[in-house]
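Spelled out, the chains give:
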Amino acid sequence: MFRIRMWAPRKTVASEENLRVAGAQEPEHTDEYVRIPSTAGAQIIERSRFFEAPWCVAAVVTIALAGCAGGPAQKKSAANGQEKLSPAVAALYTRLADDEKRYFAARDPATFKNDETAATASYEWAWNDAQDAAALCAKTHGCDTTKFDAAFARMSGQVAATPGGEEATTPEATTTAGEASAVAAAVPEIGRTVTLLKGRELSEVMTLNGPVKVALEEWLTSLRPNLMDTYENYQYLRSLMWPEYEKAKLPEAILFGIMAKESGGRVHAYSRSGAAGLLQFMPATGQRFGLNYEDGFDQRYDPQLAARANAAYLNEQLAQLNNNLEMVIAAYNGGEGRMQRLARSAPDAGFWDPEIFSQLPPETRDYVPVVLAAAWLYLHPEKYNLQFPKIDGRLGTLVLQKKASLAELAVCLGDAGSAHDGWFRALRNLNAAIDPRDPQPASTPLRVPQQLVGLYEKNCIRGAWGAVASDLHQAVLSTPAPTAVISATRRAPPPPPPVAKARKAAPTYVVRRGETLSSIARKFGCNNAQELAKANGIKAWDVGKVHPGRVLQVGVCTQ
C-alpha cells in the first residue's frame, strides 16, 4: 500500500479532499524497469488536504525525478531497445570488432599472396590484442565475456557466426568426427526437472528420462573406454578438484559428468574452437572466473583452479536460472546468454519442454543428457553391471635425484603398480605446467601418485630401465620435431592460410604464316593434329583452317 500526495494551494481544493488509494499493490520489480500495477477500481476512503494525481503515479517510486514527464530509470535505450553500455564496455566491444575485422582481412588469401610477412604480423597482432581485450573484459563490470569467446571461435575457423548474436557452441575435445549420437535424436520426455537441492544427494532429485537412458547406453557401449579413462584420470586428480566442489556445496558427480564429456580427464585437452583444459573453458570465460596467464602458463590447465572456476560458474548460473540444473548444464555448453533469454521467454518451462529444447542447437540437446548420464553412472555403477577400477589416488612428492623428463619417467616406470596404460597421463596431468619432453634438473619436486615415490627409486635409479629411458630420450632431443609442440602458454593463433603456389604458365605458340595444325603438332611432339585440336577446342572440320596469329595451348604436347 502506498500514499500519493502532492501539495496544492488550499483555494484549488474546495472540499479539501485527499484521495487515498487503498489496496494498491507494492511496486513490482523486474530486470528491466519498475512497474506500478494498475489501481483502477480502487476505493477512495480518506479525506485530507491533498489531492490525487493519477497521471503522476511514478513520482512515488522515482524520488529523484523533478517532475512526472520522465518514466522510471531504464537499462535499455528507448530508441532501439538495446542495453545501454558503459563507455568502458562499449570501447572493449569496439576493440574486439576491430580486431576481428583486421584478423580476417589479414588472413584473406589475396592479402597473403601480396605480402605474406606483413599479413602474418597483422593477424597475429589482432589475435593477441583480442586476448588482451578479453582479459580486460573479465575485469570490467557489465562486460559480456561470451562475446569474446564467440569471436575466438569464429577466428579459429571452425565455428561460424550465429544469427541474432547467439553465442557459439563450444565443441568438446572428446567429440569424434563422423560419429552421430543417438541422444541428439532422442525425443525428450517431459518429466520432473532435475533441480539441484543444496545439501541433498543428486540421486535424490535426478529423474531418468528417455534421452538420459539413451546416453546411459552410449556410455556403457561405444563410449565405455572414454568413461573408464575419465574415471581413472579423475581418481588421481580428485584430491585437487573435489574439495573445490565440496566448498561450493555442489555434487561431485556433476564434476565427473562434465569432465567425462568435455575432456575425458585429459588436462591438456584443447578443442577446435579454443576451449582448453579438463573442463574446457573458453579464454574469456576462464579469465572471468580467475583463470589467467601466470608466468606464461595458461591456468585453464590447472586442475584445482579449473574446478574452482567451474564451481563458481555453476553457482552463478544456478542463481540466475532458478536452480535448474539442466538449464545450467546447457548454459555451460551453449552459452549463458542464450539460456537466460530462453528462460525469460518461457519462465514456467523446463529444459525438456519444447519451448526450451527445440530452441537449442543439436549439440546442447545432446550435451545435457550425456553429462547427466555420466554423473548417474558415477553414483550407481553397480546398477548397470559396471565396475570402476580400484585406484589409489593418494598424492605424494617425488624429488628428482638426477635430471629427467616426465617422458623418461613414464618409460622407466612402465606399468608398475598395475597401471595398464602406464604413468604418462597421470604424470602429465599432475604437472600441467611442465613440458613432458623438457628435462627437469635434479632436486625438482614433482607431484605424483604416492605409489610412484618408491617405484622411482626401484625402477629409474637402481634399475636398468632408467638407462633405457635416458637412451631413448636422448634420441628424441637430438631429432628435430616434425611439428611444433603446443605448450600450455598463451593460446597461439591458428596457422596462416595456405598460399596457393603460382602455377607455371601453360606453354603457348603463335601460329605463323604457312603453318598447319599438323606441322605444329609434330614440332611440339603431339602424336597427331587431333590431339592438339581437342586441347584448343578446334572442331574436326576446322583442323585445316588455323589462321596465322592464333595463340594455341601446346601444353598437351609437352607433358
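Residues numbered from 1 in each chain as written. Predicted model: local features only at pLDDT ≥ 70, side-chain atom pairs only at ≥ 80, totals over all residues. Heavy atoms only, no water.

When you go through the protein chain residue by residue, the secondary structure sums to 22 helices and eight strands. In the protein chain, once contacts between residues fewer than 6 apart in sequence are set aside, the share between residues at least 24 apart is 68%. Carbon together with sulfur atoms contributes 53% to the accessible area of the protein chain, which is approximately 29,500 Å² in total. (Helix = DSSP H or I, 4+ residues; strand = E, 2+ residues; numbered from the N terminus. Contact = heavy atoms within 4.5 Å. Areas by Shrake-Rupley, 256 points an atom, 1.4 Å probe, with all protein chains shown as cover.)

As a further point, take the packing of helix α11 (residues 303–320) against helix α12 (residues 325–334). At a minimum axis separation of 9 Å, α11 and α12 run at an interaxial angle of 125°. Taken as axis vectors, α11 and α12 run oblique relative to one another. For the crossing formed where α11 meets α12, the hand is right-handed. Facing N310, Y313, L314, Q317 and L318 of α11, the residues of α12 in contact are L325, V328, A331 and Y332. Classifying every residue of the contact of α11 with α12 gives seven nonpolar, two polar and no charged. (Axes fitted to C-alpha atoms, helices over the stretch in contact; angles between N-to-C directions. Parallel < 35°, antiparallel > 145°, perpendicular 65-115°, else oblique. Left-handed = near helix turned anticlockwise from the far one by under 90°. Nonpolar A, V, L, I, M, F, W, Y, C, P; charged D, E, K, R; others polar.)

Here the structure, examined in full by the defined rule, presents two disulfides. Each sulfur in the disulfide pair C137 and C143 lies 2.0 Å from the other. Where C137 bonds to C143 through sulfur, the torsion about that S-S bond is close to -110°, and the disulfide is left-handed. When sorted by exposure, C137 lands in the same class as C143, which is buried. (Disulfide = S-S within 2.5 Å. Buried < 20%, exposed > 50% of the residue type's maximum accessible area, 1.4 Å probe, protein only.)

Glycine aside, a negative phi is what most residues show, and trans is what most peptide bonds show. One non-glycine residue with positive phi stands out, namely Q280, at about 55°. Its place among the elements puts Q280 in the loop between α9 (252–262) and α10 (283–288). Under the relative-accessibility criterion, Q280 is labelled buried at 4%. Positive phi, normally seen in glycine, also occurs at N385, with a value near 55°. Along the chain, N385 turns up in the loop between α15 (362–379) and β5 (395–399).

Along its 24 residues, helix α8 (residues 224–247) runs just 30 Å from first to last C-alpha, ending more than 12% under the 34 Å computed at 1.5 Å per residue. Of all the bends in α8, the greatest measures close to 75° and is centred on R238. Phi turns positive one or two residues past the end of α8, at K249, with a value near 60°. (Expected span 1.5 Å × (residues − 1). Bend = angle between axes of the 7 residues up to and from the residue.)

Tracing the backbone through its elements, the reader meets E244 in helix α8. Apart from residues lying up to four places away in sequence, E244 is in contact with Q304, A307, R308 and A311.

Within a pair of aromatic rings, the relevant descriptors are the distance that separates the centres and the angle that separates the planes. Applying the stated rule across the entire model yields 17 aromatic pairs. On the numbers, 6.4 Å between centres and 75° between planes, the contact of F256 with F388 is edge-to-face. In this pair, F256 is assigned in helix α9 and F388 in the loop between α15 and β5, connecting sequence segments 132 residues apart. What makes F256 buried here is its relative accessible area of 0%. Cluster of aromatic residues (ring-pair linked, three or more members): Y231, Y234, F256, Y378 and F388. The positively charged end of R107 is found above the aromatic ring belonging to Y123, 4.7 Å away from the centroid. Above the plane of the ring of Y93 lies K147, whose end atom (NZ or CZ) is 5.4 Å from the centre. (Phe/Tyr/Trp six-rings, centres within 6.5 Å; stacked < 30°, edge-to-face > 60°. Lys NZ or Arg CZ within 6 Å of the ring centre and 35° of its normal.)

Close approach of charged atoms allows side chains with opposite charge to pair. Scanning all chains against the criterion turns up ten salt bridges. With a closest N to O distance of 2.8 Å, D392 and R394 form a salt bridge. Given a relative accessible area of 30%, D392 falls into the partly exposed group. Assessed through its relative accessible area of 55%, R394 is described here as exposed. (Salt bridge = Lys/Arg side-chain N within 4 Å of Asp/Glu carboxyl O.)

Most of α9 is tucked away, with eleven of its eleven residues classed as buried. All of the buried residues in α9 are E252, A253, I254, L255, F256, G257, I258, M259, A260, K261 and E262. Just past α9, the residue G264 takes up positive phi, approximately 70°.

Let us look at a nonpolar patch on the surface. Where nonpolar side chains cluster on the molecular surface, the patch consists of V411, W465, V468 and L472 and spans about 380 Å² of accessible area. Among the structural elements, L472 can be located in helix α19 (residues 465–478). (Patch = residues over 30% accessible without salt bridge, like charges linked within 9 Å, V, L, I, M, F, W, Y side chains within 5 Å.)

Bringing the nonpolar core into the picture now. Counting residues in hydrophobic clusters, the biggest one holds 71 residues, and the most contacted among them are M241, Y245, I254, I258, L279, L314 and M339. Elements with a minimum of two residues in this core: α7 (210–220), α8, α9, α11, α12, α13 (336–345), α14 (354–357) and α15. Among the elements that make up this core, the one with the highest residue count is α15 (eleven residues). Excluding anything up to four places from it in sequence, M241 contacts Y234, L255, M259, L278, L279, P303 and A307. One finds L398, L400, L409 and A416 within the second-largest nonpolar core, a separate group that totals 21 residues. (Core = buried A, V, L, I, M, F, W, Y, C linked by side-chain atoms within 4.5 Å.)

To continue, consider the packing of α8 against α11. Contact pair α8 / α11: the axes reach a minimum separation of 8 Å and the direction vectors enclose 25°. Relative to α11, α8 is oriented roughly parallel. Crossing geometry of α8 relative to α11 is assigned as right-handed. Touching L237, L240, M241, E244 and Y245 of α8 are P303, Q304, A307, R308, N310, A311 and L314, all from α11. In terms of residue class, the contact of α8 with α11 is built from eight nonpolar, two polar and two charged.

Turning our eyes to something else, we now look at the environment of G264. Tracing the chain through its elements places G264 in the loop between α9 and α10. Note: C-alpha distance between G264 and L227 (37 residues apart in sequence) is 7.2 Å.

On to the confidence of the model for the protein chain, then. When the pLDDT values of the protein chain are averaged, the result is 74; 68% of them are 70 or greater. Segment residues 187–193 is flagged for pLDDT under 50; beyond a separation of four residues in sequence, or across chains, it makes 18 contacts in the model. Per-residue pLDDT stays below 50 along residues 482–489; that stretch engages in ten contacts with residues further than four places along the chain or on separate chains. (pLDDT = per-residue confidence, 0-100.)

Moving on to the pairing of β5. Here β5 shows a buried face lined by G396 and L398 and an unburied face lined by L395, T397 and V399. Here β5 runs beside strand β6 (residues 445–449); their pairing, made up of five bridges, is antiparallel. Bridge pairing in β6 links G396 to V448. (Pairing = 2+ DSSP bridges.)

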